[in-house]
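Residue-level listing of the chains:
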Amino acid sequence: KGLLEKIVAVESCVYLSNQLVSLIPHIKECLENASLADTYFSDQLSVVYSLRDYLYLSSINNLIGLDAVLAAISKIKWDIKEVRSQHSEYVDALIQRFNEFSLKFDHLSGIVPIESDVKNKIWSIAFQSAAYLFVEGFSNAKKCTNEGRALMQLDYRQFVLKTEKLTDMRPIPCQDFVTTYIKAFYIPESELEGWVGAHQEYSAAQLSALVNAVAYSNNKARQKLNNIVNDLQSKIRR
């Protein structure tokens, strides 16, 4: 899927940008207005690091195949009446995909040596993608009981316990992104407005799902909160 080629290309750009940074003091000495160098390089070099994440993300998602897992999550019935001790089947499928990704990544590392910080960066993006996958899947639930929320927590915890063995990273990144979202369904309706305003890391659809679940019996409150969600998202897009 081109991950190895992207690693070589992106890290080469990162190396060159670091070299340019080291040359900035010398470049300033040649300029009448030294501040121009700061302005130019801060704008141009920052792009390298932002592109790094996006380029790796596309290959990682393709290699792991997260879309198929999201479809499996959407088939789960979360309106259960009893607390379960066994996690959902889609979790095993996702863990298997991460195991396969680990083997492929190790194979790539045997072809071209990959520095530990680059490996950690790629694993961090992989776990970030998984965290978003869980939240996106949970937010699509049409009906969900407290027992269903408990199953969500069990599912994600099982994933973390099994996949943390694949890397030396501790703790696994982005766990709070998932657990915070699940726990939000238990907060009182009166506190929901403040919570929504403080958690703009979630998408409008994810926040709306939370609002509609918590304030399902209060049409006025639900409408107000959804308006807040839409307003927050429009500000972010600007």
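Whatever comes next refers back to the structure up there.
Description of the structure in this document. Small disclaimer: the values here were computed from a predicted structure and weren't measured. (Residues numbered from 1 in each chain as written. Predicted model: local features only at pLDDT ≥ 70, side-chain atom pairs only at ≥ 80, totals over all residues. Heavy atoms only, no water.)

**Quick notes on the overall build of the protein**
1) Next: Broken down by element type, the protein carries ten helices and zero strands.
2) Next: Along the protein, helices (α) and strands (β) appear in the sequence α-α-α-α-α-α-α-α-α-α when read from the amino end.
3) Next: Dimensions of the protein, computed from the C-alpha atoms along their principal axes, are close to 70 × 45 × 25 Å.
4) Next: Looking at the protein as a whole, 40% of its 238 residues are labelled buried.
5) Next: When contacts within the protein are restricted to residue pairs at least 6 apart in sequence, long-range pairs at least 24 apart make up 75% of them.
6) Next: In the form shown here, the protein has an accessible surface area of approximately 13,700 Å², with 53% of it arising from carbon and sulfur atoms.
7) Next: Between the averaged position of the 26 positive side-chain charges in the protein and that of its 27 negative side-chain charges there is a distance of 8 Å. (Helix = DSSP H or I, 4+ residues; strand = E, 2+ residues; numbered from the N terminus. Buried < 20%, exposed > 50% of the residue type's maximum accessible area, 1.4 Å probe, protein only. Contact = heavy atoms within 4.5 Å. Areas by Shrake-Rupley, 256 points an atom, 1.4 Å probe, with all protein chains shown as cover. Lys, Arg positive; Asp, Glu negative; His and termini not counted. Charge placed at Lys NZ, Arg CZ, Asp CG, Glu CD.)

**Thoughts on the side chain of threonine 167**
1) Next: Within the secondary structure, threonine 167 sits in the loop between helix H6 (146-163) and helix H7 (175-184).
2) Next: Within the structure, the side chain of threonine 167 is placed 3.2 Å from the backbone nitrogen of methionine 169, a separation counted as a polar contact. (Polar contact = N/O pair within 3.5 Å; in protein donor to acceptor, adjacent residues only side chain to side chain.)

**With respect to a nonpolar patch on the surface**
1) Next: On the surface, a nonpolar cluster with roughly 230 Å² of combined accessible area is contributed by Val47, Leu51 and Leu55.
2) Next: Positionally, leucine 51 belongs in helix H2 (residues 35-64).
3) Next: Look at leucine 51 and you get partly exposed, because its relative accessible area is 44%. (Patch = residues over 30% accessible without salt bridge, like charges linked within 9 Å, V, L, I, M, F, W, Y side chains within 5 Å. Salt bridge = Lys/Arg side-chain N within 4 Å of Asp/Glu carboxyl O.)

**Overview of the packing of helix H5 (residues 116-139) against H7**
1) Next: Following both chains from N to C, one finds H5 and H7 inclined at 20°, their axes separated by 8 Å at the closest point. Regarding the angle of H5 to H7, the classification is roughly parallel. Between H5 and H7 the crossing geometry is left-handed. Mapping the contact onto sequence places Ala131, Tyr132, Phe134, Val135, Phe138 and Ser139 in H5 and Phe177, Val178, Tyr181 and Ile182 in H7. (Axes fitted to C-alpha atoms, helices over the stretch in contact; angles between N-to-C directions. Parallel < 35°, antiparallel > 145°, perpendicular 65-115°, else oblique. Left-handed = near helix turned anticlockwise from the far one by under 90°.)

**A short note on the nonpolar core**
1) Next: Within the largest apolar cluster, 62 residues are counted, with the highest numbers of intra-cluster contacts made by Tyr56, Phe98, Phe101, Ile122 and Phe159.
2) Next: Per element, the largest residue contribution to this core is twelve residues, and it comes from H5.
3) Next: In this structure tyrosine 56 touches Leu3, Lys6, Ile7, Val10, Glu11, Val118, Ile122 and Ile125, once residues within four positions along its chain are discounted. (Core = buried A, V, L, I, M, F, W, Y, C linked by side-chain atoms within 4.5 Å.)

**As for helix H4 (residues 89-111)**
1) Next: Here H4 spans 34 Å end to end across 23 residues, near enough to the 33 Å set by a 1.5 Å rise per residue.
2) Next: When H4 is considered as a whole, its buried residues turn out to be Tyr90, Val91, Leu94, Ile95, Phe98, Phe101, Ser102, Phe105, Leu108 and Ser109. (Expected span 1.5 Å × (residues − 1).)

That is the geometry; function is a separate question.
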